[in-house]
Amino acid sequence: MSQSPLPIVRTVAELRAQVRAWRAAGQRVGFTPTMGALHEGHLSLVKLARAQADRVVVSVFVNPTQFGPNEDFDAYPRSEARDAELLAGAGCDLLYAPTVAEMYPPGFATTVTVTGVTEPLDGQARPGHFAGVATVVCKLLNQCGPDVAVFGEKDYQQLQVIRRMVRDLDLPVEIVGAPTARADDGLALSSRNAYLTAAERESAPALARALQAAGARLRAGDPVAEVEAEAVAALAAAGFGKVDYVEVRAAADLSRLGPGPIDAPARILAAAFHGKTRLIDNMAV
Ligand code: PAF
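All values reported here derive from a predicted model rather than from experimental measurement.

Caption draft 1: Representation of the sheet that holds strand E1 (residues 8-9). The parallel open sheet is built from 6 strands, whose spatial order is E1-E4-E3-E2-E5-E6. Since the sheet does not close on itself, it has two edges, and those belong to E1 and strand E6 (174-178), each with one partner. Two strands pair when backbone bridges link them, and E1 and strand E4 (residues 94-96) are joined in this way by 2 bridges, in the parallel orientation. By the bridge assignment, Ile8 is partnered in E4 with Leu95.

Caption draft 2: Quick look at the site of the ligand. For the ligand, the full set of nearby residues is Pro33, Thr34, Met35, Asn63, Gln66, Val136, Val137, Asp155 and Gln158. One of the side-chain N or O atoms of Gln66 is found 2.6 Å from an oxygen atom in the ligand. One of the side-chain nitrogen or oxygen atoms of Gln158 is found 2.7 Å away from an oxygen atom of the ligand. Elements with a minimum of two residues in the shell around the ligand: strand E2 (29-34) and helix H6 (129-144).

Caption draft 3: Structural view of the packing of aromatic side chains. Taken as a whole and judged by the stated rule, the model has 4 aromatic pairs. Pairing Phe61 with Tyr104 gives two aromatic rings, centres 6.2 Å apart and planes at 50°, and the pair type is tilted. Here Phe61, found in the loop between strand E3 (55-60) and helix H3 (80-89), pairs with Tyr104, found in the loop between helix H4 (100-103) and helix H5 (122-125); they are 43 residues apart in sequence, far enough to count as distant. The same class applies to Phe61 and to Tyr104, which are both buried.

Caption draft 4: Spotlight on unusual backbone geometry. Here the phi dihedral of Asp170 falls at roughly 55°; this positive angle occurs in a residue that is not glycine. Topologically, Asp170 is positioned in the loop between helix H7 (156-168) and E6. Its identity is not glycine, yet Leu254 carries a phi of approximately 60°, on the positive side.

Caption draft 5: Geometry of the environment of Ile8. Relative to the assigned elements, Ile8 resides in strand E1. Measuring from C-alpha to C-alpha, the distance between Ile8 and Val57 comes to 9.9 Å, with 49 residues separating the pair along the chain.

Parameters at a glance
- Residues numbered from 1 in each chain as written.
- Predicted model: local features only at pLDDT ≥ 70, side-chain atom pairs only at ≥ 80, totals over all residues.
- Heavy atoms only, no water.
- Pairing = 2+ DSSP bridges.
- Helix = DSSP H or I, 4+ residues; strand = E, 2+ residues; numbered from the N terminus.
- Near = heavy atom within 4 Å.
- Polar contact = N/O pair within 3.5 Å; in protein donor to acceptor, adjacent residues only side chain to side chain.
- Phe/Tyr/Trp six-rings, centres within 6.5 Å; stacked < 30°, edge-to-face > 60°.
- Buried < 20%, exposed > 50% of the residue type's maximum accessible area, 1.4 Å probe, protein only.

Given below as structure tokens:
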């Protein structure tokens, strides 16, 4: 245990002992997995978990297996003491912060692979990313054994991957998606926003604006291909660099839609670099 007023455990055994005690007392357990560097978006997930459960566990684990070799694993912001303070204020009861060795002990040799929904978008742009996410989330859910687990819609594809995995593997947990928390200027809150320079931060809301404008055009019946192209052009005009994707997809399984007007619930999703920072966002259509 740390000096923080919020209890912190680092082993599966300690986590299970606490959750077992709560369950024995008839309490419902909520869980929010995170990679730390917490912001208001994470805290909104914790509050949603709190509203659905008697006790809330939050994990902070920067998962090495979901980062590619040239990605920002080493640079990813880490701030456990601050995270613990914020969590205590948001109604979290227990912080689970395992070490890499606890999560992946020597000899670890199992990967959870979800097909289909992992393949487009970030599956193309970040090979291996969703295998890392599915594996660690499967482990975290098994380690904690919550009744309900809350994930943000900001990572919409990740949320669909987790829903698919939980259904396919019969994991006994309810998955709840939480709306994306945004700054006043519309930028989706993300730990990676800390990488933006002041000038990039000022123009970064162009991503949310491009998706909003795209959504309005799609609802007006404009063809998908035209709307996607216009959003890409808006990002270039705002100073964004490489655009990994701006795509309109079926909301449920992220399958590709035809190039014409949409005729089913859809989601527009984007990932693009602003300077060195890769930003993602998505909106319902
Ligand atoms: O969304 C995240 O922060 C991570 O991908 C998650 C779900 C905690 C798994 O490492």
